[in-house]
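# Close look at the chain arrangement
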Amino acid sequence: LSKGQPVLTIVDVDSGRRELEHEFPDIGEILNPAWSPDGRQIAFSAMKGGVLDLFLFDVDSRALTQLTDDPFADMDPEWSPDGRQLAFTSDRGGGDNIWVMHVDGSDKRQVTKEDFRLLNQPTWSPDGRFIAAKKHFTTGRSLGTGEIWL
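First, a word on scope: everything that follows refers to the structure included in this document. Model, not experiment: these values are computed from the prediction.

### Brief notes about the environment of Asp-26
Structurally, Asp-26 is set in the loop between β2 (18-23) and β3 (30-35). Separated by 21 residues in sequence, Asp-26 and Met-47 have C-alpha atoms that sit 9.3 Å apart.

### Points about the sheet that holds strand β5 (residues 51-58)
The strand order β3-β4-β5-β6 describes an open sheet built from 4 strands, whose pairing is antiparallel. The two strands at the open ends of the sheet, each matched to only one other strand, are β3 and β6 (64-66). Pairwise comparison of adjacent strand axes, ignoring direction, gives a mean angle of 25° for this sheet. Inspection of the sheet shows strand β4 (residues 41-48) paired to β5 by 8 bridges, in the antiparallel sense. Counted as the bridge partner of Ser-45 is Leu-54 from β5.

### Brief notes about unusual backbone geometry
Of note, Arg-62 is a non-glycine position whose phi angle comes to about 65°, a positive value. Structurally, Arg-62 is set in the loop between β5 and β6. On the basis of relative accessibility, which here comes to 36%, the residue Arg-62 falls in the partly exposed class. Even without a glycine there, the phi angle at Gln-121 is positive, about 55°. Positionally, Gln-121 belongs in strand β11 (residues 119-124). The exposure class assigned to Gln-121 is partly exposed, which follows from its relative accessible area of 45%.

### A closer look at the nonpolar core
Counting residues in hydrophobic clusters, the biggest one holds 12 residues: Leu-8, Ile-10, Leu-20, Phe-24, Ile-27, Ile-30, Ile-42, Phe-44, Ala-46, Phe-55, Phe-57 and Val-59. Among the secondary structure elements, those contributing two or more residues to this core are β1 (7-11), β4 and β5. By residue number, the principal contributor to this core is β4, which donates 3 residues. Aside from chain neighbours lying at most four places away, what touches Ile-10 is Arg-17, Arg-18, Glu-19, Leu-20, Trp-35, Ile-42 and Val-59. Leu-54, Trp-79, Leu-86 and Trp-99 belong to the second-largest nonpolar core, a separate cluster that totals 10 residues.

Procedures and definitions
Residues numbered from 1 in each chain as written. Predicted model: local features only at pLDDT ≥ 70, side-chain atom pairs only at ≥ 80, totals over all residues. Heavy atoms only, no water. Helix = DSSP H or I, 4+ residues; strand = E, 2+ residues; numbered from the N terminus. Pairing = 2+ DSSP bridges. Axes fitted to C-alpha atoms, helices over the stretch in contact; angles between N-to-C directions. Buried < 20%, exposed > 50% of the residue type's maximum accessible area, 1.4 Å probe, protein only. Core = buried A, V, L, I, M, F, W, Y, C linked by side-chain atoms within 4.5 Å. Contact = heavy atoms within 4.5 Å.

Here's what the structure looks like:
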């Protein structure tokens, strides 16, 4: 964090050179950044008003768009292969489940309907037909355990 503000940093892998550092004074810690398939935008979750919401950052224009703005915790954005949708984790249905929406934030649809052993970390299949997600539950192990669901 620079001056106590979250910073999105883009680094060239080969040279280690910072290509971009952009500060966001109106939001909290940035989590789960995900590049769009065309490399022009980055979706991420961040705290705003005490709640995790989803945001979209345009790399060229430096414009930030808030995709969700509600009392629910939205996180783990993941781009569909065609770049038209985002899968994400949200508790808006009562427990952490996988949801899908258009990249403009419209048409939010619940994909999973779990109320126990909740789901997170969605990832799309290369053809965009399926979403895999981690299903977490606790056992006698202190860290719990998980399964991959399609």
